Amino acid sequence: MPVPAHHIVAMPPPFDAPPYPADVFAGQTVLVTGGGSGMGLAMAKAFAQGGAEVAVMGRSLEKAEQGAQEIAALGVRVHAMSCDVRVPEQIAAAFDEAERALGPISLLANNAGANFPVLAEDISANAWNAVTRIAIDGTFLCSSEFARRRIAAGLGGAIVINSAQYIWTGFPGDAHSAAAKTAQATMTAKLARDWAPYGIRVNAIAAGFFPHATSTAGRSEDMTASLPNMIPAGRPGSIYEFGWLSALTCTPLLGGLTGQVILQDGGESLRRSLRNPDFIPPRERVQGPWGWQ
Amino acid sequence: MGWLAGKTARLVGESPAIAAALTAQGAVLVSEGDCDVLVHVVPAPADIPAHEIAFEQWRATLDAGLDQRFLLAKDFAAARRAAGKGGAVVFVGAPEQALGADQAAAGGGLGNLTKTLGVEWARDGIRVNTVQTHERGKTLGNLVAYLASDYAAYVTGAVMGVGLDD
């Protein structure tokens, strides 16, 4: 069903009107993990709109380079790199490479993640390890590599983490990601506390659904069309408003903000009714309209 | 820039930093009547052990931190609906667990009220968010101005702090 005409849907300003000056990050470099596509690319573009140089890190160099081209079109210097965020030595090497190309990295956006709906009993050890370690280990390893460099330089910095709106409720049918995204959010508060003495801020966005080229909306063909009316806000998020909030937390405008997890999901995770549709175990709805196979 | 250009905002309660940020972002502050934005600030109650809290203080904290907030937001939402326009409510107060049992109750109630009203009024285009913090400075002002603005159009039902001890 489309959103009824008498409902009011709150809309953001257009992409070319970001919520901070074009030089708010002037002279700074951001490293964005998983920055070649999707939500990471949106983060990278938002930092670029504030004048940051952008190091784009991805598993696939080709995808990172494609994203970097789009970011460069916003008028900033970019550098694309390949890196597996589960491997500490690769992270250190990637930071070295990015700093040689663009200068000291003073901002970090942790976005790298993998996610796909799957029944818990069908998650192989490999799949479990991939999803949880990219998000949990990757966020920890990239953040601590960043912090060690900033502490050694005697300089502060800011980190933002892409978490998810299902971190407080669980996500039946997505067990690996449910664990992984909550771990990112709970480490946010502790990282912020450990690094506050060094002027390094850490915040996370509990993001809702921001459709992009590689997002999963379920199997049925009308799923994307039915999304707006499913969400209390009356629409899925525009991916650039996620990028903006991520970057905004790193600006001096919110210079005292740290250890926070900000929900940005149009109310999606807060839907609840006195009565709901019958409960169907994920195993029994895999083939149905809410399924994914 | 001007996150709130063209918007009217009513600030109930004392916060020079929030008033300054709303104005700096282009909002026109009004003291009564229909407006686009309602910001409701309640000062932190005294920190007293539960067994020493007088009933009068208990009631005063719940009244200011929860009851009056709900009633004010309800009137604001009604006026917005009557005007056929959306709007934004931002509640500002002390952290939930940092003070006495009165604040623990009022703050927790406010948090879940925020989540509820954010969904209940979503299709009226009315967003509801809460900042519970010790912070009184520029970051609080800017965060509230952001939440009040269309830049936060996809943020509703969010409850957050500002600093480590919030």
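Residues numbered from 1 in each chain as written. Chains lettered and ligands numbered in written order. Predicted model: local features only at pLDDT ≥ 70, side-chain atom pairs only at ≥ 80, totals over all residues.

Q: Can you help me understand the overall build of chain B in this one?
A: Of the regular secondary structure elements, chain B holds four helices and six strands. Secondary structure elements of chain B, listed N to C terminal, follow the sequence β-α-β-β-α-β-α-β-α-β. Relative to a compact globule of 166 residues, whose C-alpha radius of gyration would be 15 Å, chain B shows 15 Å and is just as compact. Principal-axis analysis of the C-alpha atoms places the extent of chain B at approximately 50 × 30 × 25 Å. In chain B, which comprises 166 residues, the proportion classed as buried is 52%. (Helix = DSSP H or I, 4+ residues; strand = E, 2+ residues; numbered from the N terminus. Rg over C-alpha atoms; globule rule 2.2 N^0.38 Å. Buried ≥ 20, exposed ≤ 12 C-beta atoms within 10 Å, placed from the backbone.)

Q: Any chance you could explain the sheet that holds strand β2 (residues 28–29) of chain B here in plain terms?
A: Hydrogen bonds between backbone groups are what pair the strands of a sheet, and the pairing can be parallel or antiparallel. Residues and elements named next belong to chain B. One open sheet accounts for six strands, arranged β2-β1-β3-β4-β5-β6; its pairing is parallel. Two strands close off the open sheet at either side, each with one partner strand: β2 and β6 (159–160). Lying on the sheet, helix α3 (residues 101–120) is in contact with β4 (87–93), β5 (126–132) and β6; it crosses β5 at an angle near 160°. Contacting β1 (8–12), β3 (37–41), β4 and β5, helix α4 (residues 138–148) runs over the sheet at an angle of about 155° to β4. (Pairing = 2+ DSSP bridges. Contact = placed C-beta atoms within 7 Å. Axes fitted to C-alpha atoms, helices over the stretch in contact; angles between N-to-C directions.)

Q: Would you take a moment to explain the interface of chain B and chain A for this structure?
A: Reports of interface size often rely on the accessible area that becomes lost once the parts have come together. At the interface, 30 residues of chain B touch 34 residues of chain A. Elements that contribute at least two residues to the side of chain B that touches chain A include exactly α3 and α4 of chain B. In terms of residue count, the dominant contributor to the side of chain B that touches chain A is α4(B) (four residues). Here the residues of the side of chain B that touches chain A sort into 14 nonpolar, 10 polar and six charged. (Nonpolar A, V, L, I, M, F, W, Y, C, P; charged D, E, K, R; others polar.)

Q: So what exactly am I meant to see when it comes to the confidence of the model for chain B here?
A: Detailed reading of the predicted model is not advised wherever pLDDT is low. In this model, chain B carries a mean pLDDT of 97, and residues with pLDDT of at least 70 account for 99%. Overall fold confidence (pTM) sits at 0.96, and the ipTM for the predicted complex is 0.96. (pLDDT = per-residue confidence, 0-100.)

Q: Just to check I follow, could you spell out the nonpolar core for this structure?
A: The biggest cluster of nonpolar side chains holds 126 residues, and the ones touching the most others in it are A:Phe47, A:Val54, A:Val56, B:Val39, B:Val90, B:Val144 and B:Ala148. For this core, the leading source of residues is helix α1 (residues 38–49) of chain A, giving eight residues. Excluding residues that lie within four positions of it along the chain, B:Val39 makes contacts with B:Ala9, B:Leu11, B:Ile18, B:Val90, B:Val92, B:Val144 and B:Ala148. (Core = buried A, V, L, I, M, F, W, Y, C linked by C-beta atoms within 7 Å.)

Q: I'm lost on α4(B) in this one. Help?
A: Two residues of an α-helix separated by three or four positions point the same way, owing to the 3.6 residues in each turn. Extensive coverage of α4(B) is indicated by the burial of 10 of its 11 residues. Buried within α4(B) are the following residues: B:Thr139, B:Leu140, B:Gly141, B:Asn142, B:Leu143, B:Val144, B:Ala145, B:Tyr146, B:Leu147 and B:Ala148.

Q: Would you take a moment to explain the environment of B:Ser149 for this structure?
A: Residue and element names in this part refer to chain B. Mapped onto the elements, Ser-149 comes out in the loop between α4 and β6. For Ser-149, a count of 26 C-beta atoms within 10 Å translates into the label buried. For Ser-149, the residues in contact, after removing those within four places along its chain, are Trp-3, Leu-4 and Gln-25.

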